[in-house]
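The primary structure of each chain is shown beneath.
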Amino acid sequence: MRIDIITVLPELLESPFSHSIMKRAKDKGLLEVYTHNLRDYTPYKQAQVDDYQFGGGAGMVMMPEPLALAIEHLQKERKYDEIIYMTPDGPLFEQKTANSLSMKKNLIIICGHYKGIDDRIREHFVTMEISIGDYVLSGGELAAAVVVDAVGRLLPGVLNDETSALFDSFQDGMLAPPVYTRPADFRGWKIPDILLCGDPKKIDDWRYEQSLKRTEQRRPGLLDE
Ligand code: ADE
């Protein structure tokens, strides 16, 4: 999978994909992430990419032309499955969104800043919008990093048995059960006996019950879905 990210702050995206599982995905050639500085595509003086909004009001808006030129430049090289705009007024990002994006080949992600991007770009280029939660970040970069991470780890071959996504929270519509590691007795706090019983069926059943209990207590809405 290839992901092209259009941003005014490429520096912000240097670190998130250079470590741990994202690094492994890139090293194995399963995920390619490229950042493109929007300022390289502006025809305006002083690398301007934003301007005052028509109709007045506080806050700048990202101009349509640099964005259109950046997108069209990328589209000349390959076909994109989705052109995604990160925005707090988009549909909420969920595990099922990550699952379906992980099956795509080429994605563009546009990171907004200031008041957002000129709406004509949303109307004529953007095919999908994503919010990572009901709060406003100072830009779309961290939100884009969240999406790339959640999608990248699902690509076949990225995770191994130890890190498998199959039993993640949300993957089956429920939260994951509690987990424990050594020592079995830490400061007198003991792990549940059943985890030492050696019977995989019993342990699976216990984990299922714990998942259900956690989901009922913490996120009952997930069970209605
Ligand atoms: N840009 C600013 N806030 C955001 C959010 N919550 N989700 C996605 N992009 C954003």
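Residues numbered from 1 in each chain as written. Predicted model: local features only at pLDDT ≥ 70, side-chain atom pairs only at ≥ 80, totals over all residues. Heavy atoms only, no water.

> I'd like a rundown of helix 6 (residues 200-218), residues and numbers included.
With 19 residues, helix 6 should cover 27 Å at 1.5 Å per step; its first-to-last C-alpha distance of 26 Å lies within 8% of that length. Of all the positions in helix 6, only I203, W206, Q210, S211 and T215 are classed as buried. Buried positions in helix 6, seen along its axis, are confined to an arc of 165° and lie on one side of it. Structural note: helix 6 exposes K201 and Y208 on the side pointing more than 90 degrees away from its buried face. On the buried face of helix 6, the contacting elements are helix 7 (220-224). Residue D199 occupies the N-cap position of helix 6, its side-chain oxygen lying 3.0 Å from the main-chain nitrogen of K201. (Helix = DSSP H or I, 4+ residues; strand = E, 2+ residues; numbered from the N terminus. Expected span 1.5 Å × (residues − 1). Buried < 20%, exposed > 50% of the residue type's maximum accessible area, 1.4 Å probe, protein only. Arc of directions from axis to C-beta. Contact = heavy atoms within 4.5 Å. Polar contact = N/O pair within 3.5 Å; in protein donor to acceptor, adjacent residues only side chain to side chain.)

> Quick one: what's the story with the nonpolar core, residue by residue and with numbers?
In this structure, I5, L31, L101 and I109 are the most contacted members of the largest nonpolar core, which totals 31 residues. No other element matches the 7 residues that helix 5 (residues 141-152) contributes to this core. Sequence-distant contacts of I109, that is, excluding residues within four places in its chain, are made with I3, D4, I5, I6, I84, M86, A144, V147 and V148. Counting residues in hydrophobic clusters, the runner-up holds 20 residues, among them L38, V49, A70 and I121. (Core = buried A, V, L, I, M, F, W, Y, C linked by side-chain atoms within 4.5 Å.)

> An account of unusual backbone geometry is needed here, citing residue identities and associated values.
In this model, R182 is joined to P183 through a cis peptide bond whose omega is 0°. Summarising the element assignment, P183 is placed in the loop between helix 5 and strand 8 (185-186). Of note, Y114 is a non-glycine position whose phi angle comes to about 55°, a positive value. Locating Y114 in the fold gives a position in the loop between strand 6 (106-111) and helix 4 (119-124).

> Explain the site of the ligand to me, using residue names and the numbers behind them.
Around the ligand, the structure places 13 residues, and the nearest of them are T87, I132, G133, Y135 and L137. The separation between a nitrogen atom of the ligand and a polar main-chain atom of T87 is 3.2 Å. In the model, a nitrogen atom of the ligand is placed 3.0 Å from a nitrogen or oxygen of the L137 main chain. Taken by itself the ligand offers 260 Å² of open surface, and the protein chains cover 96% of this. Grouping the constituent residues of the shell around the ligand by class yields 8 nonpolar, 5 polar and no charged. (Near = heavy atom within 4 Å. Areas by Shrake-Rupley, 256 points an atom, 1.4 Å probe, with all protein chains shown as cover. Nonpolar A, V, L, I, M, F, W, Y, C, P; charged D, E, K, R; others polar.)

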